[in-house]
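# Structure assessment
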Amino acid sequence: MHKQIQIAVIGVGNRARKYLSCLPEWVQVKYVVDPEPLRLQIASRICGVPQEACFEDPEVFFATKPKAQAAIIATPDRLHLPLSLLAANHGWHILLEKPVSISEGAYLQLIAATEQYGVHITPCLEMRFHKYFRRIRNLVKSGAVGDILSIDHTEHVGPDRMAHTFVRGLWSRRDQAGPIFLSKCCHDADFIVWLTGQTALWVNSTGRIDKFKPTPGTPERCLGCPISDCPYSAVKLYKERREWIDGFDVPDGGTLDEVIDEELRSGRWGRCVYHCDNDVYDTQDVSVELTGGIHLDMHLDGTSMKEGRTTIINGSQGTLVADKWQIRIVKDGETVLEEDYSGLEAIGLHGGADAAMLEDFFEAVATGGTPSLTLQSALEGHRICYLAG
Ligand SMILES: NC(=O)c1ccc[n+]([C@@H]2O[C@H](COP(=O)([O-])OP(=O)(O)OC[C@H]3O[C@@H](n4cnc5c(N)ncnc54)[C@H](O)[C@@H]3O)[C@@H](O)[C@H]2O)c1
């Protein structure tokens, strides 16, 4: 029988709302904190948190000496450090969104805080809880391809995600959100480190903007644009296909269509992808020499039409090819294993990995144990990203 635990949720945007939809039933949200009144209102409604436990200002919130055992912190990346320090100072364990911090120095400050206050911080690197990625790791660990010689890993950021998040969106500028390799590929670097158990000896990186730069002859907004087959059309994405609209909050008395129309007319998400102020790379190649004699090549591909990850692990006795939910092992030209995990996509919430990660973290909080994913164990993957820039 679990004891009930009480938590605060700090930053109740897209990501936090996903967590709210799959919290273990014995975890009670006691406080919500977000400077956006509409987001606070929606979150308080979802979790049944009374008005007096909703705060717009984290400083004001912490000054009230709130009582809880843990916090979910899902704010913009640059706020992870100061808000986590405040929560750790209150003796709270923290489920902290990735990337943990924008710099390695800040990451180390957070590790020091966990030791000083005796708390755990689990970074939300949900790939570690995803059945498909766990299967890849288990196969490799069990020696299915022998010793790892080299790894080639590509993260394809498909057109919808690339346009919504990294060209038009909140992760489009390095000065505000940090480099794209950190924000997107910290999952991937962590997965490789977790898979191999190795650390990086050196990291070499080149990045560029291949596609999403000012292009003469295109209108500045998608509304009214005559190019009918543009894969980046905001009108098609939000209004016709109605995808990536979770963050478009509807005020009382309004409709989602009105919010989308307004966004297309004058918001950041109605801009043509060739007329944005983005400066994060859309293409990056990162070479890493790992201990154990393993060479790793990682690629960020933000310009093709493909979405998903492709990992090729060359071993001394065979090759494992994992391409968006399909795993294949080839030995001497023969396929000796083929598995398909595409059914997991239908579960949503990262194929069930979000719920598994929450369960693992809160179980540790409730029982006084250690979560299986800690800040310390995820440092190396982040360090590769900080070095890649
Ligand atoms: N694990 C994953 O796969 C994954 C996926 C997407 C985003 N993320 C990460 O999750 C975090 C949140 O991203 P999101 O997509 O939910 O963004 P979002 O913009 O939808 O949500 C962030 C929320 O934080 C609030 N906020 C801003 N300043 C604040 C403050 N001082 N105190 C409290 N709240 C504040 C904003 O008002 C907003 O509601 C980011 O760190 C992001 O990198 C992780």
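Scroll up to find the structure this text is about.
Residues numbered from 1 in each chain as written. Predicted model: local features only at pLDDT ≥ 70, side-chain atom pairs only at ≥ 80, totals over all residues.

## Concerning helix H12 (residues 353-367)
Short version of the rule: Note on conventions: DSSP H or I runs of at least 4 residues are helices, E runs of at least 2 residues are strands, and numbering of each starts at the N terminus. What a helix is expected to span follows from its residue count: subtract one and scale by 1.5 Å. Three classes are used. A residue is buried when 20 or more other C-beta atoms lie within 10 Å of its own, exposed when 12 or fewer do, and partly exposed in between, with C-beta atoms placed from the backbone. Any two residues are considered in contact once their C-beta atoms, placed from the backbone, lie within 7 Å.
Across its 15 residues, H12 extends 21 Å between first and last C-alpha, which sits within 8% of the 21 Å expected from 1.5 Å per residue. Restricting attention to buried positions, one finds in H12 the residues Ala353, Asp354, Ala355, Met357, Leu358, Phe361, Phe362 and Val365. Each element contacted by the buried residues of H12 is listed here: strand S1 (5-10), helix H1 (14-20), strand S2 (27-33), strand S4 (70-73), strand S5 (93-96) and strand S6 (121-123). Trailing H12 by a residue or two, Gly368 shows a phi angle of about 75 degrees, which is positive.

## Remarks on helix H9 (residues 180-196)
Counted only if it meets this: Across the chain, bend at a residue is computed as the angle between axes fitted to the seven residues ending at that point and the seven starting from it.
Between its first and last C-alpha, H9 extends 23 Å over 17 residues, near the 24 Å set by a 1.5 Å rise per residue. Cys186 marks where H9 bends most, by close to 55 degrees. Among the 17 residues of H9, 16 are classified as buried, and the element is accordingly described as predominantly covered. Downstream of H9 by a residue or two, Gly197 has a phi angle that is positive, lying close to 70 degrees.

## Here we look at the pairing of strand S14 (residues 334-340)
Cut-off, in case you're wondering: If DSSP finds at least two bridges between two strands, the strands pair.
Of all 7 residues in S14, 0 are buried, a share of ten percent or less. The turn linking strand S13 (residues 326-331) back onto S14 is made up of 2 residues, and Asp332 within it adopts a positive phi angle of 50 degrees.

## Some points on the site of the ligand
Put simply, the rule reads: Nearness here has a simple definition: the residue's C-beta atom, placed using the backbone, must lie within 6 Å of the molecule or strand. Charged residues are taken to be Asp, Glu, Lys and Arg, nonpolar residues to be Ala, Val, Leu, Ile, Met, Phe, Trp, Tyr, Cys and Pro, and polar residues to be all remaining types, Gly included.
In the vicinity of the ligand lie 24 residues, with Gly11, Gly13, Asn14, Arg15 and Glu97 positioned nearest. Within the shell around the ligand, the residues separate by chemical class into 10 nonpolar, 6 polar and 8 charged.

## Quick notes on unusual backbone geometry
With an omega of -15 degrees, the peptide bond running from Lys98 to Pro99 counts as cis. Positive phi, normally seen in glycine, also occurs at Trp244, with a value near 60 degrees. Mapping Trp244 onto the fold places it in the loop between helix H10 (234-240) and helix H11 (256-266). The backbone of His350 shows a phi angle near 55 degrees, a positive value even though the residue is not glycine.

## Some details on the sheet that holds strand S8 (residues 200-208)
Short version of the rule: Working convention: axes come from line fits to C-alpha atoms, limited for helices to the stretch in contact. Angles between N-to-C directions cover 0 to 180 degrees.
Strand order across the open sheet formed by 8 strands is S8-S9-S10-S7-S11-S12-S13-S14, with mixed pairing between neighbours. Two strands in the sheet have a free side with no partner beyond their single neighbour: S8 and S14. The average undirected angle you get between the axes of adjacent strands in this sheet is 10 degrees. Where strand S7 (residues 148-156) lies against strand S10 (residues 294-301), 7 bridges are found, and the strand directions are parallel. Bridge pairing links His156 to Asp301 in S10. Taken strand by strand, helix H6 (residues 131-141) contacts S7, strand S11 (308-315), strand S12 (319-323), S13 and S14, and its axis lies near 180 degrees from that of S12. In the packing of H9 onto the sheet, the strands contacted are S7, strand S9 (283-290), S10 and S11, and the crossing angle to S10 comes to about 150 degrees.

## Some remarks on the nonpolar core
For clarity, the cut-off: Any set of buried Ala, Val, Leu, Ile, Met, Phe, Trp, Tyr and Cys residues joined through C-beta atoms within 7 Å is what this text calls a nonpolar core.
Counting 106 residues, the largest nonpolar core has Val9, Val32, Ala71, Ile72, Ile73, Ile94 and Cys385 as its most contacted members. Counting residues per element, this core draws most heavily on H9, at 10 residues.

## Quick notes on the environment of Gln6
In this structure, Gln6 sits in strand S1. Residue classification places Gln6 among the partly exposed positions, given that 14 C-beta atoms sit within 10 Å. Spatially, the C-alpha atom of Gln6 lies 8.7 Å from that of Trp26, the residues being 20 residues apart in sequence.

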